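Coordinates in review
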Amino acid sequence: MTGFLRFLTSARTSWIVLVVAFAGAAALFALGSGATGDTAPSSGLPDSAESVKVQKVLDTFPDADSTSALLVFASDDGEALPAETVAAIQQKAFGELVDLTPDGFIPPAQLSDDGSVALMIVPLAQESDVEAQAERAAEIRTLAADGLDGVRTYLTGPEGFEVDIAAVFDGADFTLLLTTVIVVAVLLLITYRSPWLWLVPLIVIGTADASAGIVARRVAAAVGVQLDASITGILSVLVFGAGTNYALLLIARYRDELRLAEDRREAMRRAVRGAGPAIIASGSTVALALATLLLGELSGNRALGLACAVGIIVAMAFALLVLPAALVLFGRWLFWPYVPRFGSPDAISRSPWGKLGRGVSRRPVVVALTGAVVLGALASGLFFVQTGLSQNDRFREKPEAVAGQEVLAEAFSAGATSPATVVTSVADADAVVEAAGAIEGVDSARLAEQTDDWARIDVTLSSAAETPEAFATIERMRADLDGIGSGETLVGGLDAQALDVAGAQQRDQDLIIPLILVLVLIVLVILLRSLLAPILLLLAVVASFFSAVGAAWWLFQTPLFGFPAIDTNVLLFSFLFLVALGVDYSIFLVTRAQEESRTLGTTKGMIRALAATGAVITSAGILLAAVFAVLGVLPLITLTQIGVIVCIGVLIDTLLVRTVIVPAMAFIAGDRFWWPRKPKVTDAEAAALEDAVPEHVEASEPRTRRRRRAGVGVG
């Protein structure tokens, strides 16, 4: 290990590390990700889902390679459309729009009961090229609106949603990356108060982010996984957030060691040796937690786990290998104007965080109970949380397809815009149509199409799409129709797909959340060689998660957001990020406390650890919270909700849990905090040692020197 650290930091070889790292990154950039472009998020359901089985049957129908655009014409004043306007709309079915259809035919437009809205269904061929699809949609919009006064036109339906979702994500990654870089740069500048120090970690982590994106796409492609735009956005935020956290911890330790070592390269070796285990434990915890998503049913969850686990490993490698080599290229002047001088007084002993720690140590029970009450108050929103967003509710800014769908839902039957699709054997078709029409919550059922083997039945529900009432009707249909004839009847469609996604997401949560807790606990036990401390840390970070969700729900109900519910996958992803990343700060604190307790005892060691890490962990927490909040620049409410919950949770964990609750629990437990391991120096022994060493000497002497003078092993 010593030889490797010398290679990493010595004047003769450190530049080799940088050349190899940045040459490798350049090679990755030249090679590219191999992806043709980002895609919009998909359902990601497994083949076993009933709605997926329905789609596979539909793929055997003659028009399987076709789609449709719904053109909605609504009068501006809400009154019935004039006869001449209706005639002009009907004439469009014979105009230039026909040239865009595969069969040269468009059915006549349907009028709503009050005559204020007309609906035209335009058959289209499937188009896989996003740009060509967008151009076709623009042409349809132009032709639809041409010559109509006093009429609002909307392009919606399958084609409208695909085009609008693609447009919503167009350029989103660049916007997210630019915003993230600006936020990180500003916060690093504030943290270091140096005109150039912040550039080193920003360049290193920025290179790590770009490399991680390419590596993740390559790895995903190799195993047949597709990364959509939402996943690549979260990946970038995670790499920047975690990577910058690791950089802050390493640089803070490097600054401390520069005061104790005259040679900056020796100081860096000590810094890596001291901060490295915490960074490795932290990164490993996050990577393992993310890897649990690979066990999920939804392909989107598996893709996120794979991509982000790769990203964390890349960020950790750059922080531990590239950043030390980059920092030692420069002298101490890199920290100007606050240059750490060799032999300068110990700034840790004068830290306000140390004063806070001493205050907590005097009344740890009161502090712990007060902290628990605050967390409980924040978590009160959990009693009112609603989950599940419909397709129309998933966008912060309503695209045209959503607006058109809402107009349709008001003008026609609530379920007419998204009928359920039932497939059954041809022999059972009539019986299924009759039975489906008699089910509670069904408006009508009709035989729409059939092949030699299968029949497709369109079922209109009386409830609006993706509502609890619609889901209940789908469940009744599946139960009642399953026993008819051969029992081959399957129920699909938009509502069925949403129901299947919710069920799969719930099964993923039930499996992955306990697994994350077990993995994090195992990592903490191995790292701390203790049982009680890991359990307490895990309880604290789980409590901060519940508090974050509760507080976020109250925030979501304000006019600022106005979200009707939390999306189904938000809780799982938020739990994953908060537990994995939130425990990082406790790892940073407690590993330092473990180191200090070898000579100072548990109580004094925790106080000094809080003093030593308080500033850097607070800076890291604020930075990570701000970086996750940047997810709000993306258009999906799901990502905004994840960003807000993780932002609140990280702040709670940084400013409350790690600052006062964890130290209070350590003070209450005392030497038992490390149970079943007995600490090298007990609090009683540390108190006796303190009586033997004058306080002014202890505060000014380097730790190693005063340990040796006091007759205590350096360890």
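Every value quoted in this text rests on a predicted model; they were computed, and no experiment measured them.

Time to look at the packing of aromatic side chains. According to the stated counting rule, one finds 13 aromatic pairs in the structure shown. Residues Phe-556 and Phe-563 carry aromatic rings whose centres are separated by 5.2 Å and whose planes lie at 50° to one another, so their mutual orientation is tilted. Just as Phe-556 is buried, Phe-563 falls in that class too. Here Phe-577 and Phe-628 contribute two aromatic rings whose centre-to-centre distance is 5.5 Å and whose plane-to-plane angle is 50°, an arrangement assigned as tilted. According to the relative accessible area criterion, Phe-577 is buried, its value standing at 2%.

Bringing the side chain of Arg-332 into the picture now. With respect to the helices and strands, the residue Arg-332 is situated in the loop between helix H11 (299-327) and helix H12 (352-362). A distance of 2.7 Å separates a polar atom in the side chain of Arg-332 from the backbone oxygen of Ala-261. Separated by 2.8 Å, the side chain of Arg-332 and the backbone oxygen of Pro-340 make a polar contact. Excluding residues that lie within four positions of it along the chain, Arg-332 makes contacts with Leu-258, Ala-261, Glu-262, Asp-263, Val-339, Pro-340, Arg-341 and Phe-342.

Here we come to the sheet that holds strand E6 (residues 442-450). The strand order E6-E7-E5-E8 describes an open sheet built from four strands, whose pairing is antiparallel. Two strands in the sheet have a free side with no partner beyond their single neighbour: E6 and strand E8 (490-492). With direction set aside, neighbouring strand axes in the sheet form an average angle of 25°. Across six bridges, the pairing between strand E5 (residues 420-425) and strand E7 (residues 454-461) is antiparallel. Among the inter-strand pairings, Thr-424 is bridged to a residue of E7, identified as Ala-455. Against the sheet, helix H16 (residues 468-481) engages E5, E6, E7 and E8, with an angle of about 145° to E7.

Right, let's talk about the sheet that holds strand E3 (residues 117-125) for a bit. Picture the strands of a sheet paired through backbone hydrogen bonds; they go either parallel or antiparallel. As summarised here, the arrangement of the four strands in space is E2-E3-E1-E4, forming an open sheet in which the pairing is antiparallel. In the strand order of this sheet, the two ends are held by strand E2 (110-111) and strand E4 (151-156), each with one partner. Examined bridge by bridge, strand E1 (residues 66-75) and E4 share six bridges and lie antiparallel to one another. Paired with Ala-74 across the bridge in E4 is Arg-152. Where helix H5 (residues 130-145) meets the sheet, it contacts E1, E3 and E4, and its direction lies at approximately 155° from that of E4. Each of E1, E3 and E4 is contacted by helix H6 (residues 157-169), which is oriented at about 90° to E1, the strand it contacts most.

The next thing to look at is the pairing of E3. As paired elements, E1 and E3 share nine bridges and run antiparallel to each other. Paired with Ser-68 across the strands is Pro-123, a residue of E3. Sheet topology note: the E2/E3 ladder contains two bridges and is antiparallel. Bridge assignment links Gln-110 to a residue of E3, and that residue is Leu-119.

Tracing the chain through its elements places Leu-356 in helix H12. Taking the relative accessible area as the measure of exposure, Leu-356 reaches 30% and is therefore partly exposed. Considering only alpha carbons, one finds Leu-356 and Thr-659, 303 residues apart in sequence, at a separation of 8.4 Å. Setting aside chain neighbours within four positions, we find Leu-356 in contact with Thr-659 and Val-660.

In this section: the packing of helix H10 (residues 264-291) against helix H17 (residues 494-528). Contact geometry of H10 with H17 gives a least axis separation of 9 Å together with a crossing angle of 160°. With respect to their mutual orientation, H10 and H17 come out roughly antiparallel. Crossing handedness for the pair H10 and H17: right-handed. Contact residues: Pro-277, Ala-281, Thr-285, Leu-288 and Ala-289 in H10; Ile-516, Leu-519, Val-520, Val-523 and Leu-527 in H17.

Counting 164 residues, the largest nonpolar core has Tyr-246, Tyr-254, Leu-290, Leu-327, Phe-577, Phe-628 and Phe-673 as the members making the most contacts within it. Among the elements that make up this core, the one with the highest residue count is helix H19 (residues 570-629) (29 residues). Core analysis: the next-biggest nonpolar cluster, separate from the first, contains 24 residues, Leu-81, Val-122, Ala-137 and Leu-143 among them.

In this section: the pattern of salt bridges. Applying the stated criterion across every chain yields a total of 19 salt bridges. A salt bridge links Arg-136 to Glu-159, with the shortest nitrogen-to-oxygen separation between them at 2.9 Å. Highlighted residues: Arg-136 in helix H5 and Glu-159 in helix H6, separated in sequence by 23 residues. Accessibility expressed as a relative area gives 12% for Arg-136, which makes it buried. For Arg-253, the salt bridge is made with Glu-257, and the minimal N-O distance between the two is 3.3 Å. Residue Arg-253 and its partner Glu-257 are located together in helix H9 (residues 229-260), separated by four residues, close to a single helical turn. Of the two residues, Arg-253 and Glu-257, both sit in the buried class. Each of the salt bridges in this network shares a partner with another, and the network as a whole consists of Arg-253, Glu-257, Glu-266, Arg-269, Arg-270 and Glu-595.

Calculation notes
- Residues numbered from 1 in each chain as written.
- Predicted model: local features only at pLDDT ≥ 70, side-chain atom pairs only at ≥ 80, totals over all residues.
- Heavy atoms only, no water.
- Phe/Tyr/Trp six-rings, centres within 6.5 Å; stacked < 30°, edge-to-face > 60°.
- Buried < 20%, exposed > 50% of the residue type's maximum accessible area, 1.4 Å probe, protein only.
- Helix = DSSP H or I, 4+ residues; strand = E, 2+ residues; numbered from the N terminus.
- Polar contact = N/O pair within 3.5 Å; in protein donor to acceptor, adjacent residues only side chain to side chain.
- Contact = heavy atoms within 4.5 Å.
- Pairing = 2+ DSSP bridges.
- Axes fitted to C-alpha atoms, helices over the stretch in contact; angles between N-to-C directions.
- Parallel < 35°, antiparallel > 145°, perpendicular 65-115°, else oblique.
- Left-handed = near helix turned anticlockwise from the far one by under 90°.
- Core = buried A, V, L, I, M, F, W, Y, C linked by side-chain atoms within 4.5 Å.
- Salt bridge = Lys/Arg side-chain N within 4 Å of Asp/Glu carboxyl O.

Interpretation in functional terms is not warranted from these geometric data alone.
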